[in-house]
Amino acid sequence: CDWSSDVCSSDLNNQIANAIILKFDTSGIPTNATVVTAQLTLVMEEADSAVATTYSSGAHKLLKPVVTSQATGNIYATGSNWTANACCFNSIPMAQSSSDIAPVETIVQLNRTLEDKTWSIPVMTQQWVQSPSTNYGVMINSDTASGADGYRTFKSQEHGDTADRPTLTITYNLPGG
């Protein structure tokens, strides 16, 4: 399972095989702010060549205190397991339980064009701003209907060109103008 913030893919049985976990610091936004827009942007660098013309990828708010440097398909932090389920490749939980992720906030249809892809996530971002202790991050899920070996690859938070790293662009209003 890949948690390096760059791959979404499915396996031979149309099961989730990889997912993306990202965390953004929203602590600089006052807790009384109202989020107007929150756009998560990833730079797509590769797509399967023949499997999936379009690829549906949903953004979910994470409900567990993920430590991205420790997370795997089985754990969200050292000694802390994702909730067991049988949805994914080799029965690896992959944070797919309703106790691990919130319902999908937005689904984006990803074509094969290598360009920026954007998910609108204002609801979870507002929750992070109002209650910073709940900011465990966002998961971009794989498309289980894309067919065997369907995938999309994105440039990660560790990418050498900082301009191509994932971004969360937030606009907000403060009370009183």
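To be clear, the structure that these remarks concern was listed above.
Analysis parameters
- Residues numbered from 1 in each chain as written.
- Predicted model: local features only at pLDDT ≥ 70, side-chain atom pairs only at ≥ 80, totals over all residues.
- Heavy atoms only, no water.
- Core = buried A, V, L, I, M, F, W, Y, C linked by side-chain atoms within 4.5 Å.
- Buried < 20%, exposed > 50% of the residue type's maximum accessible area, 1.4 Å probe, protein only.
- Helix = DSSP H or I, 4+ residues; strand = E, 2+ residues; numbered from the N terminus.
- Contact = heavy atoms within 4.5 Å.
- Polar contact = N/O pair within 3.5 Å; in protein donor to acceptor, adjacent residues only side chain to side chain.
- Pairing = 2+ DSSP bridges.
- Axes fitted to C-alpha atoms, helices over the stretch in contact; angles between N-to-C directions.

1. Quick look at the nonpolar core
The nonpolar side chains of a soluble globular protein tend to be buried, and buried together.
Inference 1: Membership of the largest hydrophobic core comes to 24 residues, with the highest contact counts inside it found for Leu40, Leu42, Trp119, Ile121, Val138 and Ile140.
Inference 2: Elements supplying a minimum of two residues to this core: strand 3 (20–22), strand 4 (34–47), strand 5 (55–61), strand 8 (106–110), helix 1 (122–130) and strand 10 (138–140).
Inference 3: Take this core: its biggest share by element is six residues, from strand 4.
Inference 4: Trp119 has contacts with Ala38, Gln39, Leu40, Leu42, Ser57, Gly58, Ala59, Thr106, Val108, Leu110, Ile140 and Phe154, leaving out every residue within four places of it along the chain.
Inference 5: Judged by nonpolar contacts, the second largest core, of 15 residues, contains Ile16, Ala71, Cys88 and Met139.

2. What about the side chain of His60?
Inference 1: Its place among the elements puts His60 in strand 5.
Inference 2: Note on His60: relative accessible area 11%, which makes it buried.
Inference 3: A polar contact is formed between the side chain of His60 and the backbone oxygen of Ala102, at a distance of 2.8 Å.
Inference 4: Looking at His60, its side chain comes within polar contact range of the main-chain nitrogen of Val104, at 3.3 Å.
Inference 5: If near-sequence neighbours (up to four positions away) are discounted, His60 is found in contact with Ile101, Ala102, Pro103, Val104, Met124, Gly137, Val138, Met139 and Asn141.

3. Remarks on the sheet that holds strand 10
Inference 1: The strand order across the open sheet built from four strands is 3-10-5-8, with neighbouring strands paired in antiparallel fashion. Lying at the two open borders of the sheet, with one neighbouring strand each, are strand 3 and strand 8. Looking at each pair of strands side by side, their axes are set apart by 20° on average, direction ignored.
Inference 2: Bridge analysis of strand 5 against strand 8 gives five bridges, and the strand direction is antiparallel. In the sheet register, Ser56 faces strand 8, and the bridge partner there is Gln109.
Inference 3: Contacting strand 5 and strand 10, helix 1 runs over the sheet at an angle of about 20° to strand 5.

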